[in-house]
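One-letter residues, chain by chain:
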Amino acid sequence: MSEWRRYDSHLIPAFHERFEERWGQGTAPFLDPEAHEEPVPRAQWINPSTGAALAVVPVWTSEEGQQRSFGVFYLPPAGDIWVLRPGYTGYLEPADGDTEHLATLRNDAFRKAVAHAKEFLFGSQ
């Protein structure tokens, strides 16, 4: 039986800290635990027995706020951060009044990233 459990609270601060340690200050606004109003969906899992964690979150740059993709980030128990590659998960963030079509594309990209995360955690089922 797997020790991994869903974690539905705010984003774990270690994702932000470790990403910025590796790639520099200000490189991970999408992982900022203080940004509670930022886009969803997102998903997290923790392994309480090892201290490892995994998150699926929307990723963007300050230059391209509407162009997004989903990133899958793994925190090994010993430190560091791994970026897992779920394949293409790009989408346009729907702006106010945008079509439902964009929300559908976002949700499809999210499902693909979550499936990749679950396969990483639990193996193919």
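Values in this document were obtained by computation on a predicted structure and should not be read as measured data.

Thresholds applied
Residues numbered from 1 in each chain as written. Predicted model: local features only at pLDDT ≥ 70, side-chain atom pairs only at ≥ 80, totals over all residues. Heavy atoms only, no water. Salt bridge = Lys/Arg side-chain N within 4 Å of Asp/Glu carboxyl O. Buried < 20%, exposed > 50% of the residue type's maximum accessible area, 1.4 Å probe, protein only. Helix = DSSP H or I, 4+ residues; strand = E, 2+ residues; numbered from the N terminus. Phe/Tyr/Trp six-rings, centres within 6.5 Å; stacked < 30°, edge-to-face > 60°. Lys NZ or Arg CZ within 6 Å of the ring centre and 35° of its normal. Contact = heavy atoms within 4.5 Å.

**Q** I keep staring at the pattern of salt bridges and nothing clicks. Help me out?
**A** A side chain of one charge can pair with a side chain of the opposite charge if their charged atoms are brought near each other. One pass over the full model with this rule turns up four salt bridges. Salt-bridge contacts for R5 lead to E3; the nearest nitrogen and oxygen are separated by 4.0 Å. Overall, the relative accessible area of 45% leaves R5 in the partly exposed class. The class for E3 is partly exposed, based on a relative accessible area of 38%. The closest approach of N and O atoms between D108 and R111, which form a salt bridge, is 2.4 Å. Of this pair, D108 and R111 both sit in helix 2 (residues 100-122), separated by three residues, roughly a single helical turn. The exposure class assigned to D108 is partly exposed, which follows from its relative accessible area of 38%.

**Q** Any chance you could explain the packing of aromatic side chains here in plain terms?
**A** Centre distance and the angle of the planes are the two values used to describe a pair of aromatic rings. Going through the model one piece at a time under the given rule, you end up with ten aromatic pairs. A centroid spacing of 4.9 Å and a plane angle of 55 degrees characterise the contact between Y74 and W82, whose relative ring orientation is tilted. Assessed through its relative accessible area of 40%, W82 is described here as partly exposed. Lying over the aromatic face of W45, R6 brings its terminal NZ or CZ to 5.5 Å of the ring centre.

**Q** I tried to follow the environment of S69 on my own but got confused; where do I start?
**A** Tracing the sequence through the fold places S69 in strand 4 (residues 67-75). In sequence terms S69 and N47 are 22 residues apart; their C-alpha atoms lie 25 Å from each other. Apart from the residues lying within four places of it in its own chain, the contact partners of S69 are V57, P58, V59, T89, G90 and Y91.

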